[in-house]
Amino acid sequence: MIYKFSDLFKWTSGKSISPSDGNIPLYGSNGIIGYTNSAKYENKIILGRVGAYCGSVAYCSGKFNATDNTLITSCVENRILTLYAYYLLKSFNLNNFAGGAAQPLITQSILKRLKCDVPSLSQQCRIASILSTYDSLIENNTKRIRLLEKMAENLYKEWFVRFRFPGHEKVKMENGLPKGWSVVKLGSLANISTGKCNREDAEEDGVYPLFDRSQDTKRSSKWLKDCEAIIVPGEGTSFMPRYYVGKFNLHQRCYCVEPLVSQMGKFLFYTIMFYRAYFLSVATGATVPSLRYNNFAYMKITLPTKDLYTKFDKVVFGWFAEKDNLQQQNTLLARQRDLLLPRLMSSKLEV
């Protein structure tokens with residue numbers, strides 16, 4: 001049966017909020033951008049409202065919060081199931097309906113005019129069940145990934161923040177630091193550079209990952225770097241770093257921090273993660289906070305002894321390998337789900 005979106009959905013705008021400590025997912029226009037300690041919504045669909053990810057679609061069955069560049073979507077009961085609606089909206093390519101002169105913008109008035117063919121509730125349930133099987137596997141893997149990340153983060157804090165590293169009882173403190181430790185500038189430990197490409201250079205079938213300012217990983221047929229790297233967005237509000245080893249392409253507004261010494265990369269990654277508040281304090285720009293080269297080069301960090309950061313690298317190496325394997329599984333699962341999605345929604349594949 002054909003319905004207008006206004007007969008199926010109701011929308012409210014998210015609120016201005018930034019990531020903080022907590023375990024409640026915080027959604028922006030490009031999905032989860034961090035976590036917070038407050039929840040405002042539950043079992044809703046999240047649409048990207050404005051900007052580069054206008055028209056993006058996410059779904060959270062549990063409690064969450066969302067920023068002001070999103071539209072929180074509720075479904076009209078007895079007409080459309082929330083989980084089916086999520087997949088329906090994903091298949092719609094809503095960014096094609098965006099307006100806006102300065103930047104893409106999708107409004108409630110635009111959404112209300114759109115139409116779609118909605119099958120029976122029983123058919124919706126079967127379709128949603130098939131697609132959600134893939135998403136459940138992805139979600140389980142994602143939870144395991146976050147657990148591994150938390151284990152490494154906690155170990156970093158235990159050793160390098162609380163100074164409870166192996167053998168700490170026998171090490172004397174000098175000037176507030178364990179003996180042999182020092183305060184140095186990040187620029188003395190790593191090569192720091194930016195990328196050269198734009199988001200438009202992304203290619204769906206690219207061989208190499210392309211990292212931009214979002215937490216999504218795009219693809220490229222070209223590579224710019226082949227190294228161990230900590231990648232930090234040069235613009236935004238979270239400056240969430242990522243760790244990668246191998247060949248990759250990089251957006252021109254992203255920074256690559258390439259360690260000069262082997263087995264230091266994972267330590268530097270968690271150091272940058274731990275000192276993210278520093279980036280927030282030095283970022284400039286009235287509209288979009290931005291980082292400059294000097295913000296990285298002159299960033300002061302506490303450097304432990306070589307033996308200790310090398311030992312840290314060895315301990316977390318297996319956790320990083322398992323995390324990479326789970327991420328590869330998720331990539332394959334997402335690809336299979338996305339191949340099924342248009343066929344199920346168009347009834348080309350009967351269920």
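Residues Phe160, Leu186, Phe267, Leu268, Leu291, Phe296 and Phe312 are the most contacted members of the largest nonpolar core, which totals 38 residues. Only α3 (121-161), β12 (190-194), β15 (225-233), β17 (254-259), α4 (265-274), α6 (293-297), β18 (300-303) and α7 (306-345) provide two or more residues apiece to this core. Counting 33 residues, the second largest nonpolar core, distinct from the first, contains Phe5, Tyr86, Leu89 and Met345.

Looking now at unusual backbone geometry. The phi torsion at phenylalanine 163 lies on the positive side, around 65°, for a residue other than glycine. Position of phenylalanine 163 relative to the elements: it lies in the loop between α3 and β9 (173-174). You will see that asparagine 175, though not glycine, has its phi angle at about 55°, which is positive. Here asparagine 175 shows up in the loop between β9 and β10 (177-178). When its relative accessible area of 85% is taken as the criterion, asparagine 175 is described as exposed.

Turning next to a negative patch on the surface. On the surface, Glu200, Asp201, Glu203, Glu204 and Asp205 cluster together into a patch of negative charge. Among the structural elements, aspartate 201 can be located in the loop between β12 and β13 (208-211). Judged by its relative accessible area of 38%, aspartate 201 is partly exposed.

Within the secondary structure, aspartate 21 sits in the loop between β2 (9-13) and β3 (24-28). In the structure, aspartate 21 is positioned 142 residues away from phenylalanine 163 in sequence and 22 Å away in space, judged by C-alpha atoms. In contact with aspartate 21, not counting residues within four places along its chain, are Thr36 and Asn37.

Rules and cut-offs
Residues numbered from 1 in each chain as written. Predicted model: local features only at pLDDT ≥ 70, side-chain atom pairs only at ≥ 80, totals over all residues. Heavy atoms only, no water. Core = buried A, V, L, I, M, F, W, Y, C linked by side-chain atoms within 4.5 Å. Buried < 20%, exposed > 50% of the residue type's maximum accessible area, 1.4 Å probe, protein only. Helix = DSSP H or I, 4+ residues; strand = E, 2+ residues; numbered from the N terminus. Patch = residues over 30% accessible without salt bridge, like charges linked within 9 Å, V, L, I, M, F, W, Y side chains within 5 Å. Areas by Shrake-Rupley, 256 points an atom, 1.4 Å probe, with all protein chains shown as cover. Salt bridge = Lys/Arg side-chain N within 4 Å of Asp/Glu carboxyl O. Lys, Arg positive; Asp, Glu negative; His and termini not counted. Charge placed at Lys NZ, Arg CZ, Asp CG, Glu CD. Contact = heavy atoms within 4.5 Å.

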